[in-house]
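# Examining the three-dimensional arrangement
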Number of protein chains: 2
Amino acid sequence: MKKILTFAFSAAVSVTVAQQKPLIDYVNPIIGTGGTAHTYPGPTVPFGMVQPGPDTGFGLWEHCAGYYYNNPTIIGFSNTHISGTGVGDLGDVMLQPATGSVKTERGDEKIPGSGYRSRFSHDDEKASPGYYQVRLLDHNVNVELTATERAGLHKYTFPRNADSSYVILDMGHVVTSEKGKTIWGFIQVVNDSTVLGYRLSKALATERYMYYAIRFSRPFSKFNLMKFQERISVAHPVQGSGDEVKAVFRYTTKHDKPLLVKVGLSAVDADGALANLDAEIPHWNFDKVKKQAEDKWERELSKVTAVKADNKTKTIFYTALYHTMLAPTIYMDADGRYRGVDNKIHQDSNFLNYTLFSLWDTFRAEHPLFTLLYPERVNDMITSMLMHYKQSAYRVLPKWSFHANETWTMIGYHAVPVIADAYLKGFKGFDSELALEAMKASANAPFEGMEYYKTIGYVPIDKEPEAASKTMEYAYDDWTIAAMAKKMGKTDDYNIFLKRSANYKNVYDSKINFARAKLLNGQFKTPFDPLHMRYGGDYTEGNAWQYSWFVPHDIGGLMTLMGGRDKFSAKLDTLLSMKETVNDMSGEQPYDVTGMVGQYAHGNEPSHHIAYLYNYADQPWKTQETVHKIMTRLYNNTPDGLAGNDDCGQMSAWYVWSALGMYPVNPAGGVYSIGTPSLSSATINLQGGKQLVVKANNLSMANRYVRSIKLNGRPYKKTWITHELLYRGGIMEFEMAGKPVKNWFTGNDLEAEKMLNK
Amino acid sequence: MKKILTFAFSAAVSVTVAQQKPLIDYVNPIIGTGGTAHTYPGPTVPFGMVQPGPDTGFGLWEHCAGYYYNNPTIIGFSNTHISGTGVGDLGDVMLQPATGSVKTERGDEKIPGSGYRSRFSHDDEKASPGYYQVRLLDHNVNVELTATERAGLHKYTFPRNADSSYVILDMGHVVTSEKGKTIWGFIQVVNDSTVLGYRLSKALATERYMYYAIRFSRPFSKFNLMKFQERISVAHPVQGSGDEVKAVFRYTTKHDKPLLVKVGLSAVDADGALANLDAEIPHWNFDKVKKQAEDKWERELSKVTAVKADNKTKTIFYTALYHTMLAPTIYMDADGRYRGVDNKIHQDSNFLNYTLFSLWDTFRAEHPLFTLLYPERVNDMITSMLMHYKQSAYRVLPKWSFHANETWTMIGYHAVPVIADAYLKGFKGFDSELALEAMKASANAPFEGMEYYKTIGYVPIDKEPEAASKTMEYAYDDWTIAAMAKKMGKTDDYNIFLKRSANYKNVYDSKINFARAKLLNGQFKTPFDPLHMRYGGDYTEGNAWQYSWFVPHDIGGLMTLMGGRDKFSAKLDTLLSMKETVNDMSGEQPYDVTGMVGQYAHGNEPSHHIAYLYNYADQPWKTQETVHKIMTRLYNNTPDGLAGNDDCGQMSAWYVWSALGMYPVNPAGGVYSIGTPSLSSATINLQGGKQLVVKANNLSMANRYVRSIKLNGRPYKKTWITHELLYRGGIMEFEMAGKPVKNWFTGNDLEAEKMLNK
C-alpha cells in the first residue's frame, strides 16, 4: 500500500509540471451543437441549475437545446438549456439586447413584425466552459455570458452611436423541438432596475414552473409591457401576465460602459430567485463570476489530469468529460427549498437536490462514471431520486424526470441499476432500506406491461408496445435489485428478482437467435424482420439486431442461448459488418438510430455496451478494434463531432470510459470491461487523494491493440477489472501493439459475471 | 340610559314571543337569479369562501353567477360563485353526478358529445340559506348542497336501478359571462376516495389560483382521467393536467345510500384545501353541516329581529339582508395562510382576510351597513384592504379586487370612504396611520387622469375616458380623506384634500346645470346631450342626468351651483318624471342602466343616493314618496325581483337601509338621511347587547309619508340622524300618514352636512 501512495504522489507532481495550459482550454462546447447531438454552447458551472445561452430557433428537432450551429440568426439568450436530448424544453427568461426601432403593441411603439432576431457569425463567437461571447450583427451588440449555480450573468456592450438601445424580455419563448408553449407568464417591474416573475410552461415537461429575478446594472430609462392580458386601466402598468407577455427595457447608451444583467432562477418562488441571485452574484464584476465558473470547471476537469494525447484527442476527451457534467442539474434554492414532483415546496438541508435524470440513457455509463470521478455527488443524486419516489403520486422512482415533472419518456426503471451500482460500490450516504423499497415498488408498478411480466414472465406485444425491449430491460433492472438485496441480506427479495432477471430468455427465439416480441398466447409475433425498426413497435428505438444483446448481467446465458461462444462472436462479427440501414416500416425517419457500424448504432444507447462483448468470447482484440474505430471515427472536434444525441452526457460518458481503456458493460456491480485507451496517459484523481494512472505505451493510430497490461508493475491478465481495485489507485499500464494480440489474457469477462452472481 | 336599557329588554322579550318561524325561512335565494340581478341560489355561510351551487351555462351576461333562472338545464355544481356582478368569474371544481353511458376520450369509454347537462324543474328545486336541492331529471339524481366557510358538501342520491352511476369533475369549467377559461387544471387521484388539485384560470381575474381537495364518502370503483395533457405512458394514470382535464369517478349504486362529496378549497395549496376540509367537516353528517350553516345564517339575520311586515315584505327584507352577507368573502385558510395580491403566500393570525371588494358599488350603502349590523367584521375587512395596499405592486388600495387579483374594474378609489367611515365612527382595530398613508397613496397614484386632476383640478376628457365621473368621484373620495385627516389631527393632509374635494365644481357647467366632461384646454366637450350614455364615454355607466348629483359630501354646494334650493328640487322632480330611456350612441345596449324612474336608474349605483336628496331641500315627503315607490315597485319576491345587478349586495343594502327608514347619502361620516320604513317594526340588535327598535305606526301602502318621529319617546324633528345616536339604542318611532306632511321637521340634511364639515 505504501508503494501505491508513492505512485500517487509522484503522479501528482508530474501533473503540475506537465500542465501547460488550463484544462478548460481543451473543452470545445461547440462540439455537438451541429449534427444530431443537441448540445448547447452557453456557459454553466458543473451540474449547474442555470445555463444561459443563445437560442437560434424552436419547433424543430435541431432546436432541442435551443441552439443549432447551422442556423444563421439568434433570437435571444434564455437562461436554461438541456444538453443532448431528443425532445426540447427549457429556455426560461429569454433576453435579447437590441438597437433600433422598437414599439410595444399597446400604443405608440411597436417591435417590427419580424421580431428582434439578429444574424451572427461563428467568426465572432467564442464558447468555453463558463463563458460565451457572440456579436449580434443586426443590432451591433456584443453579448457575453457567464453563470453561477443558480444565476446567469449577461454582459451587453451596445454601440456607442445607438439612438435607442433596449433589452427585450420574452416570456413566451420556450426551447422546444415540438409544440411546447408558455401556459402563463408573469412580469413585475419592481423598480427601475429589478424585475420579478415566473412562468408556467408545457413542452417535454407538462407543467413546469420557473420563477426568476432580474437585476440590471443600470436603471432603464423607460419600459413597456407588451401583449399582457391583465385588465389594466393604469397608464404605466408595472406588471403584466399572459401566454406571450414581453417587456422592453430602454437605455441610452452613448458611452462604452456595458450593461450587465443578472438573472436568478428558482423553481420555488420569485423571492427564492432573488435570494439565489443575490447570494451568488452580490457584485457587478463580470470577470470575477467568469473566473469563478472557470475555476469550478478546472477543478472538476482536473479529476483527470496529466493527459497525454494529441490536441484533437485531448479536446475530444475533455469536451466529453465536460458534457458529463451538464446533467443532472442542481434543482434547489440556496436556502434548501425545492419543488418536488408533487408540485409542492420542500425544504431540506441534508442533501443537495438534483433533477434531469435521463435514466434510460445515463444508467449505462454516465452514472457509473460519477461513482469513479464525482463520487461526492452520488449520494445526493440518489437521495434526490428517493425523494422523487416519496413525492410521486405513482410511488415510483424517476424514469425520465426533470424540473418537478415525470415525463414518462423511454422504458424501464433504470434508477434501479444506478442505486444498486452505488450501493454495491459501497456508497452509504443514502437510506438503503428506503432505496430497496423504492426499487421494488418501481419494479412492481402496475403499468407498461408489468402486470403480465410478473405473471407470465414477459411483456406481451399485443398488450403493450415495445414489449421485447421492455422485457429485456426489466430483466436487467431486476438483476440489479437482486444483487443489492443479496448484499443487504434480503434473501426473499434476492430470490424473487434473481428469478425475474432470467425473464429475458422468454423473449429470446433460439430458432433464429434474436430477442423478439411475443404475443400473450406464447407465440412469437409474425411477420418478423430483424432489421425492422419503428417508433412504438416491438423494440424501443432499435431493431432485433441491436436489442438482442441487451443482457448486461448474463452475457454467459445469452451466449448459451445463441449457441455458444463461437456463434456468439460470429454474430457480433455479422452485426458490425452488415449493411448500415434499418428497415423502417413506419415511414418515419429513424433519427435516433445513427452512428452506424454495420447494425451497431453508436448514435443511440441500446448499442453502447456491444463493442465490449467480444471480451466475453475470448476475442478482446475485436473489442479493441471496434472501440478504437468508434472513438476515432464517431467522435470529432467539430460541431457535428458526436454521432447522435449526447443524451445528457451518456454519449460522452461512453467516450470518457473508453478513452481511459474500460467500460461498464454491466452498469451495476463495479466490473469494467477492458478496451483500448485513446490517451497515452491520464491520471484519475480519486476521492481521498489517491490517483490512478492509466498509461498506454506506444499508442498510435496503428497501435490500437493491447499487447499486455501491468497493474502497479505486475502483469494483469484479465479482460476486466473491478472498481474496487481501481479505486485503490496506482498505475494501470497498457503496452499497445499494431496487430491483434491473442494471448495476453487468461481470464475473460465471463469470469467477472460469475463473480458478480456468486 | 336606564330607560333605554329597559326598552331594549322588553323589545327582546317581544321578539321571542313574536318569532314564530326561523328567519331563514324568510330568505328566498331565488330572488335575483332571473332578470339582471345575477345572484346565485346555492348555499354558503355568511361571508363564506365557498358557495357550492348549480351552474346552468357560461359565456353570456346572464351567466355572471353561474345560474340563470330561465335556463332549462344544469351542467354541474361548482363550488364558488360571485353574487350580483356584471362580469362573471369563479365556478371552481365543478362536479356533476350522472347516470347512463359515460366514456372517456382516451379509450373505450366516452362521454357523449353533448356533455352531461341535465334538465331540471323549479318544481323539484329548493333554495334556502345554507341549503340547496334540485333533481337532475335526465340523470334521475337528487342533489343536495350545503357549506361551511371553506368547504362545500354535496349529497347525491342516485337511482337504485342505475347500471352506471358516476361523478364528473370538470376542471375546464369557468363561470364566466365573457371569454374566461381555465389556463391550467390539475387533478390527482390520491386514493379511491380522495382527489387533490388546483387550477389557474383567467376571467374577470386575470390570474387566479384555486386549490381543492375532494373526499368521497364511499370509494369509487373506478375512475378515468379525460383529455389530460401529461405525457403518461402508464395504464392507469392517477394524475392529469391541462386546460380541459376532467375526471370520471364510477360507482355502483344499487342501494338507497346517498353519496356524499366534500370539497375543500384554498387559494394557498392543496394541503391547505385538505386541512380546511378536514377542519370544518370532520364527519359525514350532511344534516349536521346543514344545521350549522342554517344556525350561522339565523344568528346573522337575527341582527334584525321582531320584524313586523307582511310575508312578502319580510321575505324581500331578509333576502336583501342575506344578500349583503355574500360579499366580501373570507379568503384565508384555517391556519391563517392566504394568497396576497402579490401572488405570494402570507400567514397572519391577527386578522381574518377578506376578498371580493366591489368597492365602486359597495362603498355607498353596504359597507356603512356593515358598521351598523356586522361591526365585528369591519376592522378585518379594512385590514384586508391595507394588506392589499402593502402587497400591491401599484401601492394602492383595492379598487375592484378579488382572489388575489386587482381587476381595475370601475373608477375611483372607494376603499378610501370605507376606511374613513369606519374611522370616523370610532373603529380602532386597524392601523390608522397606515390607512391614511394608503388612502393618500391611492388618491395620488399616477393613473386614470390623476396627474391632471392634481394640477388642473379635473380629469380632461381628451386625455382620459369617463372624465366627468372620475372628477366627481375623486372629489368625494378626497373629502373623506380630509375628514379622516382632520380627526387624526393631520392638518396639512386635511387642507390638501379638502381643497381637492371641491374639484367637482370644475366639471359643473352652471350654464346648463349639468356636470359634464371638460377638455384639457378648459372648454367643455361638445356636442353635449344630457341623456347620452356610452361605455367608456364621458361618464361611467350613466349620463349627465344621473351623474350630476354625485356630490354626497357637498349637496349644499351643488345646490348653490344649481341655482338654489328650489331649482335643485325642481331638477330632482324633472329627473324622476322625465322619459325613461337614455340616448345610447354606442349602439351597445346600456344593460347596466335599468330600474328607471324617469332618468333615475335604480338598477345602477350612481343613482342610489338621489331619492334622498329632497331631504336637503326641505321636501322630505318627496324622498319618502320616491323611496316608497322604489321599494315597492323595484323589489319583489320573484326571480327577477331586483332591478339590476345586485353588485355584491349593494342593491340589497339600499333596501335594508331604506326599509329601516334611513340611508347614508354621504357614505362616510355617520349621518343617515331619514326616509320611510317599509317595516312596521324592526329591532336592530347592536353590538354590546343594545337594541334599536324602528317602528312605523300606521304604515300601509297608502300611509307612506312620515307624520312625525319620536326618538325614545321624545319628538325628533330632523330629516337625518347620526350613527352615534342610533348606536346608543332605543326606539325610533315613525308615525305614518297617507298624505305628505310638510311641517314635522325643523332641521334638514344640510344641517348634517355642515356639521360634518365643521
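Bear in mind that the values here come from a model prediction, so they are computed numbers and not experimental data.

### Section: the sheet that holds strand E34 (residues 681-685) of chain B
Residues and elements named next belong to chain B. Strand order across the open sheet formed by six strands is E18-E34-E35-E39-E36-E37, with mixed pairing between neighbours. Edge positions in the open sheet fall to strand E18 (304-308) and strand E37 (714-715), since each of these has one partner strand only. When strand E36 (residues 705-711) meets E37, the two strands line up antiparallel, connected through two bridges. Of the residues in E37, the one forming a bridge with Leu711 is Arg714.

### As for the domain arrangement of chain A
Accessible area lost during the coming together of the parts is what is often quoted as the interface size. All names here are of chain A. What the domain assignment lists for chain A is domain 1 (1-30 + 304-320 + 555-758) and domain 2 (34-298). In this structure, domain 1 and domain 2 have C-alpha centres spaced 39 Å apart. Taken together, the contact pairs 19 residues of domain 1 with 23 residues of domain 2. Carbon and sulfur atoms supply 61% of the area buried between domain 1 and domain 2, which totals about 1,600 Å² over both sides. On the domain 1 side of the interface with domain 2, the three residues burying the most area are Ile24, Pro29 and Ile30, jointly 38% of the side's total. Seen at the junction of domain 1 and domain 2, the total is zero salt bridges. Counting across the interface, domain 1 meets domain 2 through nine residue pairs in polar contact (both at pLDDT 80 or more). Residues belonging to the side of domain 1 that touches domain 2 are distributed by class as follows: 11 nonpolar, four polar and four charged.

### Some words on the packing of aromatic side chains
Here the structure, examined in full by the defined rule, presents 81 aromatic pairs over all chains. A ring pair is formed by Phe220(A) and Phe223(A), whose centres lie 5.9 Å apart and whose planes are at 75 degrees; its orientation type is edge-to-face. Here Phe370(A) and Tyr374(A) contribute two aromatic rings whose centre-to-centre distance is 5.5 Å and whose plane-to-plane angle is 45 degrees, an arrangement assigned as tilted. Here the two residues Phe370(A) and Tyr374(A) agree in accessibility, since each one is buried. Here a set of aromatic residues connected by ring pairs shows up, and it is made of Phe216(A), Phe220(A), Phe223(A), Phe249(A) and Tyr251(A). Above the plane of the ring of Phe524(B) lies Lys518(B), whose end atom (NZ or CZ) is 5.0 Å from the centre.

### Points about helix H2 (residues 270-280) of chain A
Regarding H2(A), the residues found buried are Ala270(A), Gly272(A), Ala273(A), Leu274(A), Asn276(A), Leu277(A) and Glu280(A). Against strand E9 (151-157), strand E12 (194-202), strand E13 (208-216), strand E17 (259-266) and strand E20 (337-339) of chain A lie the buried residues of H2(A).

### What about the pattern of salt bridges?
Inspection of every chain in the model, using the stated rule, returns 68 salt bridges over all chains. Between Asp271(A) and Lys344(B) there is a salt bridge, with the nearest N and O atoms lying 2.8 Å from each other. Linking Asp271(A) in helix H2 with Lys344(B) in the loop between strand E20 (337-339) and strand E21 (345-347), this pair reaches from one chain into another. What makes Asp271(A) partly exposed here is its relative accessible area of 36%.

### Digging into the confidence of the model for chain A
All names here are of chain A. Here chain A averages 93 in pLDDT, and 94% of its residues register 70 or above. Below a pLDDT of 50 lies the segment residues 103-114, which in the model reaches 31 contacts outside its immediate sequence neighbourhood of four places, other chains included. Reported for the predicted complex are a pTM of 0.92 and an ipTM of 0.89.

### A few points about the relation of the copies chain B and chain A
At an RMSD of 0.0 Å, chain B and chain A line up after a rotation of 180 degrees and a shift of 0.0 Å along the axis. In the structure described here, the two chain copies are related by an operation that fits a two-fold rotation axis. Taking C-alpha positions as the reference, the residue of chain B nearest the rotation axis is Ile183(B), at 3.4 Å. A symmetric contact is evident, with 100% of the interface residues of chain B recurring at the interface of chain A.

What counts as what
- Residues numbered from 1 in each chain as written.
- Chains lettered and ligands numbered in written order.
- Predicted model: local features only at pLDDT ≥ 70, side-chain atom pairs only at ≥ 80, totals over all residues.
- Heavy atoms only, no water.
- Pairing = 2+ DSSP bridges.
- Helix = DSSP H or I, 4+ residues; strand = E, 2+ residues; numbered from the N terminus.
- Domains from an automatic or database assignment.
- Contact = heavy atoms within 4.5 Å.
- Buried area = accessible area lost by both parts, 1.4 Å probe.
- Salt bridge = Lys/Arg side-chain N within 4 Å of Asp/Glu carboxyl O.
- Polar contact = N/O pair within 3.5 Å; in protein donor to acceptor, adjacent residues only side chain to side chain.
- Nonpolar A, V, L, I, M, F, W, Y, C, P; charged D, E, K, R; others polar.
- Phe/Tyr/Trp six-rings, centres within 6.5 Å; stacked < 30°, edge-to-face > 60°.
- Buried < 20%, exposed > 50% of the residue type's maximum accessible area, 1.4 Å probe, protein only.
- Lys NZ or Arg CZ within 6 Å of the ring centre and 35° of its normal.
- pLDDT = per-residue confidence, 0-100.
- Least-squares fit on C-alpha atoms with pLDDT ≥ 70 in both.

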